[in-house]
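One letter stands for each residue in the lines below.
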Amino acid sequence: SYDELKKCTNNFSDSNEIGSGGYGKVYRGMLSDGQVIAIKRAQQGSMQGGLEFKTEIELLSRVHHKNVVGLLGFCFEQGEQMLVYEFMPNGTLRESLSGRSGIHLDWKRRLRITLGSARGLAYLHELANPPIIHRDVKSTNILLDEHLTAKVADFGLSKLINDSGKGHVSTQVKGTMGYLDPEYYMTQQLTEKSDVYSFGVVMLELITARQPIEKGKYIVREVRLVMDKNDEEHYGLRELIDRNIRNSGTLIGFGRFLELAMQCVEESSADRPPMSEVVKAIETILQNDG
Ligand code: ADP
């Protein structure tokens, strides 16, 4: 309840810090009914204040979906802004892909994670009222629950970040380098298709385990180059596949998955599929696996 959340300052201590990001620090805490929660404490001045902020947060806390990290509430105390979320015990997708979390994601698991997060985004785009553009889709914003179910986090928040906020470019365009839709960057016209572009980058991460930009190279460009070469059996492509899945038998639907990822990162947003189509395509791959 809101009253409980109001007391949230009393329910965590700095020793429970679990991470930090664009808005400030993240802590683990517990509500009095025992529910474990993640608390985001905004850094001074990193978030816009005022009525607009409250209205927006109230809107976001009304979104409920299996593949969206629930915003349980918020509290404002002594000039601080805190957002309270359900706690995701298995951390971010990025941590798993980098091997830091000790969780091995086999190909089938990666397909399920793709499907889950695509469903979450499709929900935000098409079913949430009003529709929500995430604006910052990336592998550190896809969290894994106790069953390794993927949930999309931080939706809609990036527009509330002040330009001075750490880790975000200080222009009108907000998002994360390497995931940013080039068309949005050029035109500053934000649509759902910008999320689709970022999601395509995440799909390439699931194939390669690489970061979107490594040693100055963009993963999107790397994969495109290899595919354009069209050498026999895509030898170069094989080299790009994450070692952890490369030698573990057939990767079901790999060709279709890669094709879909490349459609998502098309330069022109009109050539990208809507999230609902991404969902259907991944469902088909998983169904064909008997
Ligand atoms: P960023 O701004 O880079 O997206 P966040 O502020 O969202 O980072 O989160 C920072 C870190 O806190 C994440 O990388 C993750 O490890 C952890 N975290 C965030 N939200 C949750 C949550 N709901 N449950 C568990 N851990 C979380």
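Reading guide: rules and limits
- Residues numbered from 1 in each chain as written.
- Predicted model: local features only at pLDDT ≥ 70, side-chain atom pairs only at ≥ 80, totals over all residues.
- Helix = DSSP H or I, 4+ residues; strand = E, 2+ residues; numbered from the N terminus.
- Contact = placed C-beta atoms within 7 Å.
- Near = placed C-beta within 6 Å.
- Nonpolar A, V, L, I, M, F, W, Y, C, P; charged D, E, K, R; others polar.
- UniProt positions renumbered as here; feature names shortened; annotations may be inferred.
- Buried ≥ 20, exposed ≤ 12 C-beta atoms within 10 Å, placed from the backbone.
- Axes fitted to C-alpha atoms, helices over the stretch in contact; angles between N-to-C directions.
- Parallel < 35°, antiparallel > 145°, perpendicular 65-115°, else oblique.
- Arc of directions from axis to C-beta.
- Core = buried A, V, L, I, M, F, W, Y, C linked by C-beta atoms within 7 Å.
- pLDDT = per-residue confidence, 0-100.
- Pairing = 2+ DSSP bridges.

(A) Focus on the overall build of the protein chain. Regarding its fold elements, the protein chain presents 11 helices and nine strands. Taking contacts inside the protein chain between residues at least 6 apart in sequence as the whole, the part at least 24 apart equals 61%.

(B) Up close: the site of the ligand. Surveying the vicinity of the ligand reveals 20 residues, the closest of which are G19, G21, G22, V26 and A38. Those elements giving two or more residues to the shell around the ligand turn out to be β1 (17-20) and β3 (36-42). At three residues, the largest contribution of residues to the shell around the ligand is made by β1. For the shell around the ligand, the class distribution of residues is 10 nonpolar, eight polar and two charged.

(C) Main features of the UniProt feature "binding site: ATP" (unreviewed entry) in the protein chain. Under the UniProt annotation, "binding site: ATP" (unreviewed entry) lies at K40. Residue placement: K40 occurs in strand β3. Overall, K40 belongs to the buried group, with 24 C-beta atoms counted inside 10 Å. Leave out the neighbours within four places in its chain, and K40 touches Y23, G24, V26, M82 and L83.

(D) Region of the structure containing the packing of helix α4 (residues 107-127) against helix α6 (residues 192-208). At their nearest, the axes of α4 and α6 sit 11 Å apart, and the two run at 170° to each other. In this view, α4 runs roughly antiparallel relative to α6, as classed from their interaxial angle. Contacts between α4 and α6 involve R110, T114, A118, L121 and H125 from the first element and E192, D195, F199, M203 and L206 from the second.

(E) Focus on helix α7 (residues 219-229). For α7, the complete set of buried residues consists of I219, V220 and V223. With its buried residues spanning 105° around the axis, α7 presents them on a single face. Exposed residues lying more than 90 degrees from the buried face of α7 are R221, L225, D228 and K229.

(F) Quick peek at the nonpolar core. Within the largest apolar cluster, 63 residues are counted, with the highest numbers of intra-cluster contacts made by F199, M203 and C264. Per-element tally for this core: the top contributor is α6, with nine residues. In this structure, F199 is in contact with A118, L121, V137, C264 and V278, ignoring residues within four places of it in sequence.

(G) Layout of the packing of helix α10 (residues 254-264) against helix α11 (residues 275-287). Running from N to C, α10 and α11 point in directions that differ by 170°, and their axes come no closer than 10 Å. One finds that α10 runs roughly antiparallel with respect to α11. Residues R256, F257, L260 and C264 of α10 form the contact with α11, whose own contacting residues are V278, A281 and I285. Here the contact of α10 with α11 is built from residues that sort into six nonpolar, no polar and one charged.

(H) Structural context of the confidence of the model for the protein chain. With 81% of its residues at a pLDDT of at least 70, the protein chain reaches an overall mean of 85. No element of the protein chain has a lower mean pLDDT than helix α1 (residues 2-6), at 53, and none a higher one than strand β6 (residues 142-144), at 98. Contacts of residues 162-171 to residues separated by more than four positions or lying in other chains number 16 contacts, the stretch itself having pLDDT below 50. Across the interfaces of the predicted complex, the ipTM metric reaches 0.94, alongside a pTM of 0.89.

(I) Broad picture of unusual backbone geometry. Although it is not a glycine, Q188 adopts a positive phi angle of roughly 60°. Here Q188 lies in the loop between α5 (182-187) and α6. Looking at Q188, the number of C-beta atoms within 10 Å reads 10, which means it is exposed. Here the phi dihedral of A209 falls at roughly 65°; this positive angle occurs in a residue that is not glycine. Along the chain, A209 falls in the loop between α6 and β8 (213-214). Owing to 21 C-beta atoms within 10 Å, A209 belongs among the buried residues under this scheme.

(J) Focus on the pairing of strand β5 (residues 80-86). Burial analysis of β5 places five of its seven residues in the buried class, the great majority of the element. Inspection of the sheet shows β3 paired to β5 by five bridges, in the antiparallel sense. Following the sheet pairing, K40 is matched in β5 by L83.

(K) Examining the environment of I285 more closely. Within the element layout of this structure, I285 appears in helix α11. For I285, a count of 20 C-beta atoms within 10 Å gives the class buried. C-alpha separation for the pair I285 and D145, spaced 140 residues apart in sequence, amounts to 23 Å. The contact partners of I285, leaving out residues within four places of it in the chain, are L111, I252, G253, R256 and F257.

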